[in-house]
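# Remarks on the overall topology
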Amino acid sequence: MNVRAGGGEEWVRRFHPACERPHRLVCLPHAGGASSFFFPFSAALAPRVDVLAIQYPGRQDRRHERLRTTIGELAEETYRALRPWADRPLALFGHSMGAVIAFEVARMLERDGTPPLGLIVSGRRPPDAQRTERVHLLGDEGLLNEIRKLSGTDPGVLADEEVLRMVVPAIRADYRAVETYRYRPHGAGPALGCPLSVLTGEGDPRVTVEQARTWEAFSSGPFSFRSFPGDHFYLTPQRDRVVRAILEDLAGFATALTA
């Protein structure tokens with residue numbers, strides 16, 4: 001069931017409420033992705049974890065809303081939407097573009113004195129690893145070819161012209177946001193103090209295993225790293241292993257909190 005409750009209801013989806021859990025896991029999807037991407041993960045984690053999934057504007061039931069074209073906007077509005085849910089510690093999980101947004105939200109939570117339980121980033125090189133990319137400037141066909149290469153979208157969706165007309169603007173806006181993002185450090189030292197976990201696909205064309213490991217420099221807290229067989233969307237065929245990794249991370253985060 002798609003449950004909306006509390007504040008920021010247009011941003012937050014709660015498919016399988018687990019109200020008695022002591023903390024929550026917030027899942028942030030990739031460019032062009034929607035909260036529904038995390039439905040099977042939420043089902044697999046329930047009732048052990050209270051999972052919240054973020055729904056960005058411009059897709060599914062929010063398709064008529066104004067698109068956001070910067071990571072700053074997406075992170076700030078996600079942060080505000082999560083404030084009513086911060087009555088319990090929040091752990092953040094972001095895949096690809098969602099990893100960057102989760103990282104920036106984690107920084108905001110730490111700055112306001114409510115640090116996250118921990119941060120899990122997936123399928124993304126570290127924030128300061130810049131690469132010149134202009135996919136968002138391509139024509140529609142070029143943009144869709146890029147999406148096809150990453151194998152993260154149902155081929156049936158890409159073959160449906162009517163659906164394509166609806167999803168292309170949101171995909172383009174997301175690519176613009178992530179391709180124009182520039183990390184801005186605040187002071188010396190690591191950006192975060194919370195535990196940090198990194199997950200990556202061993203054959204990801206967007207981030208090497210070596211690049212993914214360099215996330216370690218971005219937090220002074222406990223660090224863990226796991227790689228999985230697969231490409232950029234390794235977490236779909238490796239769902240069971242990813243779910244186990246998330247559960248291990250959450251247990252480790254909780255232990256670090258009480259240490």
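The numbering scheme is per chain: residues are counted from 1 as the chain's sequence reads. Residues qualify for local features only when their pLDDT is at least 70, as the model is predicted, and side-chain atom pairs are given and counted only at 80 or more; totals for whole chains, interfaces and linings, by contrast, use all residues. Water and hydrogen atoms were dropped before computing side-chain values, which therefore reflect all heavy atoms in the structure.

## Digging into the overall build of the protein
Rules: For helices the rule is a DSSP run of H or I covering at least 4 residues; for strands it is a run of E covering at least 2, with both sets numbered from the N terminus onward. Exposure is judged per residue with a 1.4 Å probe applied to protein chains only, and the accessible area is read against the type maximum: over 50% gives exposed, under 20% gives buried, and values in between give partly exposed. Two residues qualify as a contact provided that any one of their heavy atoms is within 4.5 Å of a heavy atom in the partner residue. Note on areas: Shrake-Rupley, 1.4 Å probe, and residue coverage restricted to the protein chains presented here.
When helices and strands are counted, the protein shows eight helices and seven strands. Relative to its 259 residues, the protein shows a buried fraction of 52%. Here the analysis covers contacts within the protein between residues at least 6 apart in sequence; of these, 78% occur between residues at least 24 apart. For the protein, the exposed surface amounts to about 11,200 Å²; the carbon and sulfur share of it is 53%.

## Examining the pairing of strand β6 (residues 196–201)
Put simply, the test is: Two strands pair under a simple rule: DSSP has to find at least two bridges between them.
Of all the six residues making up β6, six are buried; the element is thus mostly covered by neighbouring parts of the structure. The alternating pattern of β6 places L196, V198 and T200 on one face and S197, L199 and G201 on the opposite face, and all of these are buried. Across six bridges, β6 lies against strand β7 (residues 223–228) in parallel orientation. Paired with L199 across the two strands is R226, which belongs to β7.

## Some words on the environment of L144
Its place among the elements puts L144 in helix α4 (residues 140–150). C-alpha separation for the pair L144 and I171, spaced 27 residues apart in sequence, amounts to 8.9 Å.

## Quick notes on helix α3 (residues 97–111)
We count it as follows: The length a helix should cover is 1.5 Å for every residue beyond the first.
Relative to the 21 Å expected for 15 residues at 1.5 Å per residue, α3 spans 22 Å between its end C-alpha atoms, a close match to the ideal helical length. Burial analysis of α3 places 13 of its 15 residues in the buried class, which makes it a mostly covered element. Downstream of α3 by a residue or two, G113 has a phi angle that is positive, lying close to 85°.

## Structural notes on the packing of helix α2 (residues 71–82) against α3
Counted only if it meets this: To obtain each axis, a line is fitted to C-alpha atoms, and for helices this fit is confined to the stretch in contact; angles are then taken between N-to-C directions over 0 to 180 degrees. Angle categories are assigned with fixed cut-offs, so that under 35 degrees is roughly parallel, over 145 is roughly antiparallel, 65 to 115 is roughly perpendicular, and the rest are oblique. Crossing handedness is read from the near helix: turned anticlockwise from the far helix by less than a right angle, it gives a left-handed crossing, and turned clockwise, a right-handed one. Think of it as three bins: nonpolar holds Ala, Val, Leu, Ile, Met, Phe, Trp, Tyr, Cys and Pro, charged holds Asp, Glu, Lys and Arg, and polar takes everything else, Gly as well.
At a minimum axis separation of 9 Å, α2 and α3 run at an interaxial angle of 55°. For the element pair α2 / α3, the angle class is oblique. The interaxial crossing formed by α2 with α3 has right-handed handedness. Taking contact as the criterion, the partners of I71, L74, A75, E76, T78, Y79 and L82 in α2 are, on α3, M97, V100, I101, E104, V105, M108 and L109. When grouped by side-chain class, the residues that make up the contact of α2 with α3 number eleven nonpolar, one polar and two charged.

## Quick notes on the sheet that holds strand β3 (residues 50–54)
Strand order in the open sheet formed by seven strands is β1-β3-β2-β4-β5-β6-β7, and the pairing between neighbours is mixed. With partners counted over all chains shown, the strands left at the sheet margins are β1 (12–13) and β7, one partner each. Pairing of strand β2 (residues 24–28) with strand β4 (residues 90–95), which is carried by five bridges, proceeds in the parallel orientation. Bridging from a neighbouring strand, R24 pairs with L90 of β4.

## Quick word on the pattern of salt bridges
Spelled out, the test is: Throughout this description, the term salt bridge denotes a Lys or Arg side-chain nitrogen within 4 Å of a carboxyl oxygen of Asp or Glu.
Per the stated rule, a full pass over the model turns up 14 salt bridges. Residue E73 is joined to R66 by a salt bridge in which the shortest nitrogen-to-oxygen separation is 3.1 Å. In this structure, E104 and R107 form a salt bridge, with 3.2 Å as the shortest nitrogen-oxygen distance. Taken together, the positions of E104 and R107, both in helix α3 and three residues apart, correspond to about one turn of that helix. Of the two residues, E104 and R107, neither departs from the other in class, the shared state being buried. Where salt bridges share partners, they join R14, R24, D50 and D87 into one cluster.

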